[in-house]
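Summary of structural features
What follows is the residue order along each chain.
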Amino acid sequence: MTAGNSTRLNGGLPQFSTLAAFDHAPRTRLIFGVDSLQKLGHLAAQLPEQAIFLVTDPGIVAAGHAQRATEILQAQGLKVTVFDRAEENPTTRCIEDCLALARTTKVDAFVALGGGSAMDTAKGCNFLLTNGGRIQDYWGTGKAKKPMLPLIAIPTTAGTGSECQSAALIMDEHTHQKMACLDPKAAPRISILDPKLTLSQPRMVTACTGIDAIAHVVETAVTKRRNALSLMYSHEGFKLTLPNLPRIFANPADLEARGRMQLGAAFAGMAIENSMLGAAHSAANPLTSHYGIVHGQAVGMMLPHVVRFNSSDPDAMKAYAELASAPEIACVSDGHEEALNALIAHLESLLDLAGFPRSLAECGVETKKIPELADEAAKQWTANFNPRKVARDDFVKLYEAGFQPRASGSTLSPT
Ligand SMILES: [Zn+2]
């Protein structure tokens, strides 16, 4: 995640270059395949110690996945303790609850089974169990001084990308500030991607996590920190996710589409690890903390407006055009503006297919709150990586645009 993303070419004019420096150490062994959950016991048994702390949530317990994972681990002679109260957008209190249970038993390794919330909870608990203190102490990058325990991540959604990331996102229960705690030691040692586990998602979870994954692809493809490696993941992630989310909406049992979507979401996570995110995530977080709008829905609603906003930057416009060319919804040679419009039209179309509300008013957001939301959005860490400088007043305009059902200037109808 090194800086140095622009070079001075063309007589001193700043210009983005995919030759931007990066420092990428693959930290996570990625295992993909139908029924790969069966490998969990064997993989966990290879870890140095034998007491597993499994972090999951009530929905995953109800789906039977937690029981299956526990049985697979126990069949290898491993001792398993289960924390099954991971919450959506986990708070500092949720992490403390998890820690309280972890402290009652021997813990040699974590297994996180679920969506982003289970993985964030496991990572957050790992920070505190191994390094002490409060979650706030780890807000930022590389704050853990002591080693952390191994984590095996098993996503049951296709969206967060947390299975490929060293960040834990935890919300302060008092201030509602979402804290990004980044540390290479927090990255999963192993991630198991078993598409069958994503079949149990309710439609709205598929929609929210799927749109979030696509937002990750779109934002990582244009950030200031994008580089040759992150672009590879962004573009491949877009090829995998864009055509397959509609296939899943049409047939939720389509295991091949589920697998491609899951892989695309993981690739988007790898892209985030290398290039960070942008203004759609900055604008979404205050909507979630003030109005409880689900993350994927909040990001999805803001994304087309952010794409339109960023496109006034020629480098970002070109990057969007190249992204749109990856799944062949446009061709760069037809012109950047045309490619951008095709990209926005496809995003709008996906949001319609997802069945999301299409304006902030429909979600209960009040226009009088825009100044406060904009203040908070401008302070989000992801705003720093947006390709176009985005200040508080820009967020005011972006939220105002969010009250319109379509991103302004879009000339194409959704296909
Ligand atoms: Zn996201």
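Residues numbered from 1 in each chain as written. Predicted model: local features only at pLDDT ≥ 70, side-chain atom pairs only at ≥ 80, totals over all residues. Heavy atoms only, no water.

Ideal geometry at a metal gives 109.5 degrees between four tetrahedral donors and either 90 or 180 degrees between six octahedral ones. For the zinc ion, the full set of protein donor atoms is Asp212 (OD), His216 (NE2), His281 (NE2) and His295 (NE2), at a range of 2.1 to 2.2 Å. The site at the zinc ion holds 4 donor atoms, and with the angles between them running 85 to 166°, its shape is irregular. The sequence pattern describing where the donors of the zinc ion fall on their chain is D-x3-H-x64-H-x13-H. Taken together, the residues Asp212 in helix H6 (residues 203–220) and His281 in helix H10 (residues 279–291) connect sequence positions 69 residues apart. With respect to class, Asp212 is no different from His281; both count as buried. (Donors = N, O, S within 2.8 Å, 3.2 Å for Na, K, Ca; no water. Tetrahedral: all angles 85-135°; square planar, octahedral: opposite > 155°, others 65-115°. Helix = DSSP H or I, 4+ residues; strand = E, 2+ residues; numbered from the N terminus. Buried < 20%, exposed > 50% of the residue type's maximum accessible area, 1.4 Å probe, protein only.)

At Asp35, a position not held by glycine, the phi torsion is positive, near 70°. For Asp35, the location among the structural elements is in the loop between strand E3 (29–32) and helix H1 (40–45). Positive phi is not limited to glycine here, since His176 has a value of about 65°. By secondary structure assignment, the location of His176 is in the loop between strand E9 (167–171) and strand E10 (178–182). With relative accessibility at 41%, the residue His176 sits in the partly exposed group.

Let us now look at the sheet that holds strand E8 (residues 151–155). Across the sheet, 6 strands lie side by side as E3-E11-E8-E6-E4-E5; this open sheet has parallel pairing. For this open sheet the edge positions go to E3 and strand E5 (79–83), each flanked by a neighbour on one side alone. Going from strand to strand, the sheet's axes swing by 20° on average, the running direction of each strand aside. The pairing of strand E6 (residues 109–114) with E8 spans 5 bridges and is classified as parallel. When the bridges of E8 are listed, Leu113 appears paired with Ile154. Relative to E5, helix H3 (residues 65–74) is tilted by about 160°, and along the sheet it contacts strand E4 (51–55), E5 and E6. Relative to E6, helix H5 (residues 116–131) is tilted by about 160°, and along the sheet it contacts E4, E5, E6 and E8. (Pairing = 2+ DSSP bridges. Axes fitted to C-alpha atoms, helices over the stretch in contact; angles between N-to-C directions. Contact = heavy atoms within 4.5 Å.)

Moving on, we get to the sheet that holds E9. Strand order across the open sheet formed by 3 strands is E7-E10-E9, with mixed pairing between neighbours. A strand with exactly one partner marks an edge of an open sheet, and here the two such strands are strand E7 (140–141) and E9. Both E9 and E10 contribute to a ladder of 5 bridges, which runs antiparallel. When the sheet's bridge partners are listed, Ala168 is paired in E10 with Cys181.

Quick look at the packing of H10 against helix H14 (residues 370–378) now. Contact geometry for H10 and H14: axes closest at 8 Å, N-to-C directions at 125°. Here H10 is positioned oblique relative to H14, judged by the angle of their axes. Crossing hand, H10 versus H14: right-handed. When H10 is examined against H14, the residues Ser282, Ala283, Pro286, Leu287, Ser289, His290 and Tyr291 are found in contact with a partner set consisting of Glu372, Leu373, Glu376 and Ala377. Considered class by class, the residues forming the contact of H10 with H14 number 6 nonpolar, 3 polar and 2 charged. (Parallel < 35°, antiparallel > 145°, perpendicular 65-115°, else oblique. Left-handed = near helix turned anticlockwise from the far one by under 90°. Nonpolar A, V, L, I, M, F, W, Y, C, P; charged D, E, K, R; others polar.)

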